[in-house]
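Results of the structural survey
Below, each chain spelled out in residue letters.
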Amino acid sequence: MYRNESKGYNGFARKRAVIAIVRDISKVPALTGVTAKAGNVNDADGLAALIAGHNAVISSVHFSASDPEKLIAAVRKAKVPRYLVVGGAGSLEVVPGTRLIDTPGFPGAYRKEAGGGAAILDRLRETHDT
């Protein structure tokens, strides 16, 4: 695990551990402070075991190749308090009430992935864990 000390807003050092969960760890370049572990985005129990004990999960998987319910279930099972999702802009509004994906010029080649991003954003907006 990687421990990186940096000064927080109050001047105290914070330690961070970075673990990259990937399908094939041989494809992860050797990076100082990053530990690669093999995992499957469709295995909620396996993901939960890998992320347990962490403060946050940052997900950057392809929306069209993953199931938001499995990802949310893994985070919940592992009791990780923060789940952040990195994605495209297709679900963002260009004007109030109109998403980019719904505009006439949105490229069809990206519609499936952008639609998946919009679906997970909607799902996360419905999720209210305490």
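Residues numbered from 1 in each chain as written. Predicted model: local features only at pLDDT ≥ 70, side-chain atom pairs only at ≥ 80, totals over all residues. Heavy atoms only, no water.

Overview of the layout of surface pockets
The condition is simple: Cavity means a closed set of points on a 1 Å grid over the protein atoms alone, one where a 1.4 Å probe fits but cannot get out, pocket means an open set with protein on both sides within 12 Å along at least 5 of 7 lines, and lining means a residue has an atom within 4 Å of a point. Grid points are joined across faces, edges and corners, and a volume is the space filled by probe spheres set on the points. Strands here mean DSSP runs of E at least two residues long; helices mean DSSP runs of H or I at least four residues long; both are numbered from the N terminus. Note on residue classes: Ala, Val, Leu, Ile, Met, Phe, Trp, Tyr, Cys and Pro are nonpolar, Asp, Glu, Lys and Arg are charged, and everything else, Gly too, is polar.
Of the pockets and cavities examined, the second largest pocket occupies roughly 280 Å³. If you trace the second largest pocket, you find 12 residues lining it, with V75, V80, P81, Y83 and D129 closest to the centre. Listed by contribution, the elements that provide at least two residues to the lining of the second largest pocket are α2 (68-78) and β6 (82-85). A per-element tally of the lining of the second largest pocket places α2 first, with 3 residues. Grouping the amino acids of the lining of the second largest pocket by side-chain chemistry returns 6 nonpolar, 2 polar and 4 charged.

Notes on the nonpolar core
The condition that has to hold: Nine residue types can take part in a nonpolar core, namely buried Ala, Val, Leu, Ile, Met, Phe, Trp, Tyr and Cys, and a core is a set of them joined through side-chain atoms within 4.5 Å. Each residue's exposure class comes from its accessible area (1.4 Å probe, protein chains only) as a fraction of the maximum for that residue type: buried when under 20%, exposed when over 50%, partly exposed otherwise.
V41, A44, L47, A48, I51, V57, L71, A74, V75, A78 and V80 form the largest nonpolar core, which has 11 residues in total. Elements supplying a minimum of two residues to this core: α1 (44-51) and α2.

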